[in-house]
Amino acid sequence: MTNAGSGGQGPKSERGYLLIKADLVKDDAWMSQPEAAHYLGIALLRVGMLIANAHLTPAEDPAGRAGVTTVSVEAEKTWRADASIRAKAIRLLKDTTNWF
């Protein structure tokens, strides 16, 4: 009988993304997607969009949990603080057209 909470599946089956290659990184170089969303002050869904548009780098911690690299989160935070409204609008347009 399997543990009711796990359903017999390990952390790798709990990934938020299945088709995106994620590098294995050390704990101090990894951040969960909810932590990244909180740190950036954005919705969790937006983190997924940033991963899909290659603005955040997907990563796995040693336990196999899905997240993003802290380096990419820091770079995103810096970009958001320094980018002009024009740069943000252009990025939004590019990100939107990538979905079509």
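Just above, that's the structure.
In this report, we go over the structure that sits alongside the text. Given the structure is predicted, the values throughout are model-derived calculations rather than measurements.

What to know about helix 2 (residues 44-52)
Item 1. Turning to helix 2, its buried residues number three or more, namely Val47, Leu50 and Ile51. Taken around the axis of helix 2, the buried residues stretch over an arc of 100°, which confines them to a single face.
Item 2. Those residues of helix 2 hidden inside the fold are in contact with helix 1 (33-40), strand 3 (58-60), strand 4 (66-69), helix 3 (70-82) and helix 4 (85-97).
Item 3. Residue Ala54 follows helix 2 closely and has a positive phi angle near 65°.

Digging into the sheet that holds strand 4
Item 1. As summarised here, the arrangement of the four strands in space is 1-3-4-2, forming an open sheet in which the pairing is mixed. Each end of this open sheet is capped by a strand with a single partner; those strands are strand 1 (23-24) and strand 2 (30-32).
Item 2. Across two bridges, the pairing between strand 1 and strand 3 is parallel. Following the sheet pairing, Leu24 is matched in strand 3 by Glu60.
Item 3. This element, helix 1, spans strand 2 and strand 4 of the sheet and lies at about 85° to strand 2.
Item 4. Across the face of the sheet, helix 3 comes into contact with strand 2 and strand 4 while running at roughly 60° to strand 4.

The rules behind the values
Residue indices follow the written sequence of each chain, beginning from 1 at its first position. The predicted nature of this model means local features are confined to residues of pLDDT at least 70 and side-chain atom pairs, given and counted, to a pLDDT of 80 or more, with totals for whole chains, interfaces and linings taken over all residues. Derived side-chain values reflect all non-hydrogen atoms in the structure, with water molecules and hydrogen atoms excluded from consideration. We call a residue buried when its accessible area falls under 20% of the maximum for its residue type, exposed when it is over 50%, and partly exposed in between, using a 1.4 Å probe and counting protein chains only. Secondary structure elements follow DSSP: runs of H or I of four or more residues count as helices, runs of E of two or more count as strands, with numbering from the N terminus. Throughout, the arc means the angular range of directions from the helix axis out to the C-beta atoms. The contact criterion used throughout is that any non-hydrogen atoms of two residues lie within 4.5 Å. Strands qualify as paired when DSSP identifies two bridges or more between them. What counts as an axis is a line fitted to C-alpha atoms, over the stretch in contact for a helix, and the angles between N-to-C directions run from 0 to 180 degrees.

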